[in-house]
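So the chains spell out like this:
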Amino acid sequence: MAPSYQDLLLDVPAPHVRRVTLNRPAARNALRTQLLQELADALHQADADDDVRCVVLTGGPKVFAAGADIREMAEPQVAAELGEKRRACWQVVRDFSKPLVAAVHGYCLGGGNELAMLCDIIVAGEDAQFGQPEIRLGMIPGAGGTQRLTAAIGKARAMHIILTGETINARNALAAGLVSEVTADAGTRAVVVAAKIAAHSPLAVRQAKIAVRRAAEDALAGGLAFERQAFADLLMSDDRREGIAAFLEKRAPKFTGR
Ligand code: DAK
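Residues numbered from 1 in each chain as written. Predicted model: local features only at pLDDT ≥ 70, side-chain atom pairs only at ≥ 80, totals over all residues. Heavy atoms only, no water.

**Brief notes about the pattern of salt bridges**
Side chains that carry opposite charge are capable of pairing whenever their charged atoms lie near each other.
Okay, so step 1: The full count for this structure, using the stated rule, is 13 salt bridges.
Okay, so step 2: A salt bridge links aspartate 218 to arginine 214; its shortest N-O distance comes to 3.3 Å.
Okay, so step 3: Residue class for aspartate 218 comes out partly exposed when judged on its relative accessible area of 49%.
Okay, so step 4: The exposed category is assigned to arginine 214, whose relative accessible area is 55%.
Okay, so step 5: Across the pair glutamate 242 and arginine 251 runs a salt bridge whose closest N-O atoms are separated by 2.8 Å.
Okay, so step 6: Given a relative accessible area of 17%, glutamate 242 falls into the buried group. (Salt bridge = Lys/Arg side-chain N within 4 Å of Asp/Glu carboxyl O. Buried < 20%, exposed > 50% of the residue type's maximum accessible area, 1.4 Å probe, protein only.)

Below you can see the structure in the form of structure tokens.
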């Protein structure tokens, strides 16, 4: 089993299933760099461990994740420096070769929703809320949200969520195709799903994951490159600085378009 972490909990809830729990409840599991690095390390270890056949990723029973850590992003210089480290962590999640089942309760926002969408299956609790609120901070999604949300639920609904910053609830997420099921206890159900996957041939499971991801991801490369550049450009804007300051000062932002 992997070492213990500051921002994650690890356990084995069923044979061949590893559960990774994001564990910063006071900050709504905001994805600070430390957490992302620990997540990348935990997934590296799970990938290398033949005893692990499926991973459940959860934020526990109250919140999945409220997105990137806005405090870390407040200084553009720091944000830019940390950006590369964070990108490397996201890449590890994207490249993880075994099935990832997300169990989502509560808020699943911004980078949190992008993390859930990098999982192969999303099991939602009745109380789950999905959204990409970056626009309220003068930004856009930066970890694939513009592409993967659109691929999952279609242009009209993705535009609504990304341009308004509004969330959708679990039932609407199910109807739209963002999640595979809605249940009262997503944590328990995700482990049942993961255990079922873990009982199948690891060889067949691996090839099935690759094949489905090719259908889902191959078309996204151009859009992901555009998103990456647009996100980097917006990092330098006055509006982004204002959006983050307003969040931290708990007031409405005043955007100027610069
Ligand atoms: N970052 C840092 N702290 C956060 C946070 C966040 N995202 N979300 C919540 N917190 C903190 C709050 O500041 C508060 O701290 P204290 O005031 O207690 O010190 C504490 O968590 C509790 O928050 P609230 O008092 O607001 O709790 P509520 O239950 O009332 O509201 C909420 C929960 C999740 C609705 C609300 O906190 C909220 O709106 N949070 C912000 C959500 C958001 O805007 N998320 C998007 C962040 S931008 C990239 C990859 C990814 C990204 C970008 C680039 N690359 C690879 C380049 C991702 C960007 C984002 O996700």
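Let us keep going from here.
**As for the site of the ligand**
Okay, so step 1: Residues in close proximity to the ligand total 27 residues, the closest being Arg28, Ala66, Ala68, Ile70 and Gly111.
Okay, so step 2: In the environment of the ligand, an oxygen atom lies 3.2 Å from a nitrogen or oxygen atom belonging to the side chain of arginine 28.
Okay, so step 3: Contact distances for the ligand include 2.8 Å between an oxygen atom and a backbone N or O atom of glycine 111.
Okay, so step 4: Protein burial of the ligand: of its 1100 Å² of free accessible surface, 77% is covered by the chains.
Okay, so step 5: Of the residues that constitute the shell around the ligand, the class distribution is 16 nonpolar, four polar and seven charged. (Near = heavy atom within 4 Å. Polar contact = N/O pair within 3.5 Å; in protein donor to acceptor, adjacent residues only side chain to side chain. Areas by Shrake-Rupley, 256 points an atom, 1.4 Å probe, with all protein chains shown as cover. Nonpolar A, V, L, I, M, F, W, Y, C, P; charged D, E, K, R; others polar.)

**Notes on the pairing of strand 6 (residues 121-125)**
Okay, so step 1: For strand 6, a buried count of four out of five residues is recorded, marking the element as mostly surrounded by other parts of the structure.
Okay, so step 2: Summarising the sheet, strand 4 (residues 100-104) and strand 6 pair through four bridges and their orientation is parallel. Bridge pairing in strand 6 places alanine 103 opposite valine 123. (Helix = DSSP H or I, 4+ residues; strand = E, 2+ residues; numbered from the N terminus. Pairing = 2+ DSSP bridges.)

**Topic: the environment of histidine 44**
Okay, so step 1: Relative to the helices and strands, histidine 44 resides in helix 1 (residues 33-48).
Okay, so step 2: Linking histidine 44 and aspartate 95, residues 51 residues apart in sequence, is a C-alpha distance of 9.7 Å.

**Observations concerning the sheet that holds strand 7 (residues 129-131)**
Sheets are built from strands paired through backbone hydrogen bonds, the pairs being either parallel or antiparallel.
Okay, so step 1: Taken in spatial order, the three strands make up an open sheet running 5-7-8, and their pairing is mixed. Each having just a single partner strand, strand 5 (107-109) and strand 8 (167-169) make up the two edges of the open sheet. Pairwise comparison of adjacent strand axes, ignoring direction, gives a mean angle of 20 degrees for this sheet.
Okay, so step 2: Direction of pairing for strand 7 relative to strand 8: antiparallel, over a ladder of three bridges. Following the sheet pairing, phenylalanine 130 is matched in strand 8 by isoleucine 168.
Okay, so step 3: Set on the sheet, helix 3 (residues 111-118) makes contact with strand 5 and strand 7; between it and strand 5 the angle comes to about 90 degrees. (Axes fitted to C-alpha atoms, helices over the stretch in contact; angles between N-to-C directions. Contact = heavy atoms within 4.5 Å.)

Remember that the coordinates give geometry; whether it matters functionally is a separate question.
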